[in-house]
Amino acid sequence: MQIKKAEFAVSNSNYKKCPQTDLPEYAFIGRSNVGKSSLINKLVNRSNLAKTSAKPGKTQLINHFLINDSWYLVDLPGFGYAKVSQTERFKFSQMIKEYLLNRKNLVCIFVLIDSRLDPQAIDLDFMQFLGESGLPFVMAFTKADKQSKNQLQSMLARYRKTMLQTWAEMPHYFITSAETGEGCEDVRAYIGELNEQSKK
Ligand code: GTP
Ligand code: MG
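Since we're looking at a predicted model, the values are computed, not measured.

A. Up close: unusual backbone geometry. Positioned with a positive phi, Asn33 is a non-glycine residue whose angle comes to about 75°. Relative to the helices and strands, Asn33 resides in the loop between strand 2 (25-30) and helix 1 (36-43).

B. Region of interest: the sheet that holds strand 1 (residues 6-12). Strands sit in the order 1-3-4-2-5-6-7 across an open sheet of 7 strands; the sheet is mixed. In this open sheet, the two edge strands, each paired with only one partner strand, are strand 1 and strand 7 (173-175). This sheet shows a mean twist of 25° between the axes of neighbouring strands, independent of strand direction. With 6 bridges joining them, strand 5 (residues 106-114) and strand 6 (residues 137-142) adopt parallel strand pairing. Within strand 6, the position partnered with Phe110 by the bridge is Val138. Taken strand by strand, helix 1 contacts strand 2, strand 3 (62-67), strand 4 (71-75) and strand 5, and its axis lies near 145° from that of strand 2.

C. View of helix 4 (residues 149-163). The terminal C-alpha atoms of helix 4, which comprises 15 residues, lie 21 Å apart, in line with the 21 Å expected from a rise of 1.5 Å per residue. Buried within helix 4 we find Leu152, Met155, Leu156, Tyr159 and Met163. Here the buried residues of helix 4 occupy an arc of 100° about the axis, which is enough to place them on one side. Away from its buried face by more than 90 degrees, helix 4 exposes Asn150, Gln153 and Lys161. In the core, the buried residues of helix 4 are packed alongside strand 5, helix 3 (121-132), strand 6 and strand 7.

D. Geometry of the site of ligand 1. As a structural note, the neighbourhood of ligand 1 is formed by 22 residues, with Ser38, Gly57, Thr59, Asp145 and Ala178 the closest of them. A distance of 2.7 Å separates an oxygen atom of ligand 1 from a polar atom in the side chain of Lys36. Out of a free accessible area of 660 Å², ligand 1 has 87% covered by protein chains. Considering only residue class, the shell around ligand 1 consists of 4 nonpolar, 11 polar and 7 charged.

E. Molecular detail of a positive patch on the surface. Taken together, the side chains of Arg46, Lys51, Lys55 and Lys58 present a region of like positive charge at the surface. As for its position among the elements, Lys55 is in the loop between helix 1 and strand 3.

F. The arrangement of the environment of Trp167 in detail. Along the chain, Trp167 falls in the loop between helix 4 and strand 7. Taking the relative accessible area as the measure of exposure, Trp167 reaches 22% and is therefore partly exposed. Expressed as a C-alpha distance, the spacing of Trp167 and Cys184, which sit 17 residues apart in the sequence, is 26 Å. Those residues in contact with Trp167 that lie beyond four places of it in its chain are Met127, Gln128, Gly131 and Phe137.

G. Inspection of the pattern of salt bridges at higher detail. With the rule as written, the count across this model stands at 7 salt bridges. We note a salt bridge from Asp69 to Lys5, for which the minimum N-O separation is 3.1 Å. Linking Asp69 in the loop between strand 3 and strand 4 with Lys5 in the segment before strand 1, this pair joins segments that are 64 residues apart in sequence. In this structure, the salt-bridge partner of Asp118 is Arg158, at a minimum N-O distance of 2.4 Å. Placement of the pair is Asp118 in the loop between strand 5 and helix 3 and Arg158 in helix 4, with a sequence separation of 40 residues.

Definitions and cut-offs
- Residues numbered from 1 in each chain as written.
- Chains lettered and ligands numbered in written order.
- Predicted model: local features only at pLDDT ≥ 70, side-chain atom pairs only at ≥ 80, totals over all residues.
- Heavy atoms only, no water.
- Helix = DSSP H or I, 4+ residues; strand = E, 2+ residues; numbered from the N terminus.
- Pairing = 2+ DSSP bridges.
- Axes fitted to C-alpha atoms, helices over the stretch in contact; angles between N-to-C directions.
- Contact = heavy atoms within 4.5 Å.
- Expected span 1.5 Å × (residues − 1).
- Buried < 20%, exposed > 50% of the residue type's maximum accessible area, 1.4 Å probe, protein only.
- Arc of directions from axis to C-beta.
- Near = heavy atom within 4 Å.
- Polar contact = N/O pair within 3.5 Å; in protein donor to acceptor, adjacent residues only side chain to side chain.
- Areas by Shrake-Rupley, 256 points an atom, 1.4 Å probe, with all protein chains shown as cover.
- Nonpolar A, V, L, I, M, F, W, Y, C, P; charged D, E, K, R; others polar.
- Patch = residues over 30% accessible without salt bridge, like charges linked within 9 Å, V, L, I, M, F, W, Y side chains within 5 Å.
- Salt bridge = Lys/Arg side-chain N within 4 Å of Asp/Glu carboxyl O.
- Lys, Arg positive; Asp, Glu negative; His and termini not counted.
- Charge placed at Lys NZ, Arg CZ, Asp CG, Glu CD.

Here's what the structure looks like:
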């Protein structure tokens, strides 16, 4: 799928104020600094559409971007950022939870995971929550440019082994880099297919 147009729509802290629409929507979520905003920018070939930062905690709201006038990408705040206060952390997760549980046009959630790390409890717990809530998701391993092919393969093997302890199968996944664009074509094609299916 080609990206012809990508524009910022709205930012807010309440799912009720998100665009009133039936257009298919895809949310990017994961730990702070995992590369959500960067991957969104790379997917739509725009360097600064979603705001990025080397410091964790940059994205603090639910940000909607309208793509090709026909679907939305959503950049969410990261979870598990230790430096924000407990109350702030709670508010973030409530805000994200309410958005995820109530957003009717949310077609698929992209759970971003740092490809350099061993499986982390916080990511596994989050996917568990999605599974229990019946919310469709795929995994996107980020920052692949920082790993060798061998390192990526062994990370995947460890992840698969861990996931299979609780899941019947490894969820669909992508290996991505916002630096080199690796995996972006696959992600765009996948979203394109889901967009087609959601028309039926
Ligand atoms: P929050 O909004 O704070 O939750 O972070 P985020 O998940 O949106 O991360 P962001 O896209 O802001 O990126 C965090 C840092 O990682 C930035 O310094 C990016 O340049 C860097 N980064 C993101 N993706 C990649 C990647 O694929 N490769 C490399 N080498 N660096 C990346
Ligand atoms: Mg961000």
